[in-house]
Amino acid sequence: MEELGVLAEKTLVNARELLNEAKALGLLQHYPRAFSLAVLAAEEYGKHLMCFGAVGLRSDDNEMWKDFHQRFRTHTPKYENLFAMAASLLPEEDRAEFMRDLSKHIRADQERKLAGFYVDLVRGNAIHPEEVIGADLVRDAIVVYDRVIGLWEHLWADTDFSELFAEGVARGAEELRYALIEGDAETVKRYFAAEEGEEE
């Protein structure tokens with residue numbers, strides 16, 4: 001589990017670095033690249049959450065680890081993780097609508113991520129990234145990603161993830177994974193706080 005903690009630490013740090021670089025590109029009005037980099041930051045954060053979701057997996061559970069590695073290398077599941085957390089920040093009355101349209105938004109953002117890097121040919125017309133991605137889209141994406149990642153960083157400030165994961169937090173792992181799927185950051189925090197309290 002200590003290695004999983006190291007992975008959690010590095011993915012969260014890298015998510016913040018990618019997002020900060022996306023912000024810088026946005027200030028320079030390089031909107032397509034800013035958006036694409038911001039989506040990569042969201043995916044990296046999603047990988048960080050996957051580390052929490054793997055807490056409690058047995059080292060000999062080859063099928064579950066195979067699934068973990070497959071999801072870890074697949075863009076959509078990583079991106080979905082950030083949006084599950086974003087949904088938890090919405091008022092209850094807005095959450096159902098947000099979740100109903102989630103797959104459509106994720107698919108569109110994944111397509112725009114590539115469009116931010118490459119000229120495409122659409123029905124015989126050459127499309128430059130600047131024709132696809134503008135300032136508003138970049139601003140909205142960065143605001144959401146920054147809020148979600150920032151709140152998570154605040155929640156886990158000064159945490160040594162490798163130490164936390166190495167302390168043996170396998171009990172209640174199913175409940176932990178459920179909290180992650182629901183985007184319930186407070187339950188995740190309470191789970192680990194309770195584990196730490198029991199060790200004392």
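Structural data are supplied above this passage.
Described in the following lines is the structure provided in the data block. No experiment lies behind these values; they were computed from the predicted model shown.

### Here's the deal with the packing of helix α2 (residues 31-53) against helix α3 (residues 62-72)
Angle between the axes and distance between the axes are the two parameters that describe a pair of packed helices. α3 packs onto α2 with a crossing angle of 170° between their chain directions and a minimal axis gap of 10 Å. Comparing the axis directions of α2 and α3 gives the class roughly antiparallel. On α3, the residues touching K47, M50 and C51 of α2 are F68, R71 and F72. Per-class residue counts for the contact of α2 with α3 are four nonpolar, no polar and two charged.

### Some remarks on the pattern of salt bridges
Throughout the structure, instances matching the rule amount to eight salt bridges. E43 is the salt-bridge partner of K113, the closest N and O atoms lying 2.8 Å from each other. With K113 in helix α6 (residues 102-115) and E43 in helix α2, the pair connects residues that are 70 residues apart, well separated along the chain. Per residue, the accessibility class of K113 equals that of E43, and both read buried. The closest approach of N and O atoms between D109 and R112, which form a salt bridge, is 2.6 Å. Residue D109 and its partner R112 are both found in helix α6; the two are separated by three residues, about one turn of the helix. What makes D109 buried here is its relative accessible area of 8%. Take R112: its relative accessible area is 25%, and that puts it in the partly exposed class.

### Re a nonpolar patch on the surface
A contiguous nonpolar surface patch, about 320 Å² in accessible area, is contributed by L114, F117 and Y118. Here Y118 shows up in the loop between α6 and β1 (120-122). Y118 sits in the exposed class, given a relative accessible area of 53%.

### Focus on the packing of aromatic side chains
On inspection of all chains with the given rule, the structure shows nine aromatic pairs. Between the aromatic rings of W156 and F161, the centroid separation amounts to 6.0 Å while the plane-to-plane angle is 45°, which identifies the pairing as tilted. The same class applies to W156 as to F161, namely buried. Linked through ring pairs, Y45, F52, W152, W156 and F161 together constitute an aromatic cluster. Geometry around W156 places K189 over its ring, the cationic atom sitting 4.6 Å from the centre.

### Here we look at unusual backbone geometry
Its identity is not glycine, yet Q29 carries a phi of approximately 65°, on the positive side. By secondary structure assignment, the location of Q29 is in the loop between α1 (2-27) and α2.

### Focus: the layout of surface pockets
Empty pockets left among the atoms are what a rolling probe the size of a water molecule brings to light. In this structure, the second largest pocket occupies an estimated 320 Å³ of space. Per element, the largest residue contribution to the lining of the second largest pocket is five residues, and it comes from helix α7 (residues 135-155). Here the residues of the lining of the second largest pocket are counted per class, giving ten nonpolar, one polar and five charged.

What counts and how
Residue positions are counted from 1 within each chain, in the order its sequence is given. Local features in a predicted model are, by the rule used here, given only for residues with pLDDT of at least 70; side-chain atom pairs are given and counted only at 80 or more, and totals for whole chains, interfaces and linings are based on all residues. Hydrogen atoms and water are omitted, and side-chain values are computed over all heavy atoms in the structure. Between N-to-C directions, angles span 0 to 180 degrees; the directions come from axes that are lines fitted to C-alpha atoms, helices contributing only their stretch in contact. A run of DSSP states H or I qualifies as a helix once it reaches four residues; a run of E qualifies as a strand once it reaches two. Both are numbered from the N-terminal end. What sets the label is the angle itself: under 35 degrees gives roughly parallel, over 145 gives roughly antiparallel, 65 to 115 gives roughly perpendicular, and the rest give oblique. Contacts are assigned to residue pairs that have any heavy atoms within 4.5 Å of one another. Under this grouping Gly is polar, as are all residues other than the nonpolar Ala, Val, Leu, Ile, Met, Phe, Trp, Tyr, Cys and Pro and the charged Asp, Glu, Lys and Arg. Salt-bridge detection follows one rule: a side-chain nitrogen of Lys or Arg within 4 Å of a carboxyl oxygen of Asp or Glu. Exposure categories follow from relative accessible area, calculated using a 1.4 Å probe and restricted to protein chains: below 20% of the type maximum is buried, above 50% is exposed, and the middle band is partly exposed. For patch detection, residues must exceed 30% relative accessible area and be free of salt bridges, and they are connected within 9 Å for like charges or within 5 Å for nonpolar side chains (Val, Leu, Ile, Met, Phe, Trp, Tyr). Under the convention used here, a 1.4 Å probe and the Shrake-Rupley method define accessible areas, while residue burial counts only the protein chains that appear. Aromatic pairs are defined between Phe, Tyr and Trp rings, using the six-membered ring for Trp, whenever the two ring centres lie within 6.5 Å; interplanar angles under 30 degrees are classed as stacked, those over 60 as edge-to-face, and all others as tilted. In this scheme, Lys NZ or Arg CZ marks a charge over a ring once it lies within 6 Å of the ring centre and within 35 degrees of the ring normal. Here the term cavity refers to a set of points on a 1 Å grid, laid over the protein atoms alone, in which a 1.4 Å probe fits but cannot get out; the term pocket refers to an open set having protein on both sides within 12 Å along at least five of seven lines, with lining residues being those that place an atom within 4 Å of a point. Grid points are joined across faces, edges and corners, and a volume is the space filled by probe spheres set on the points.

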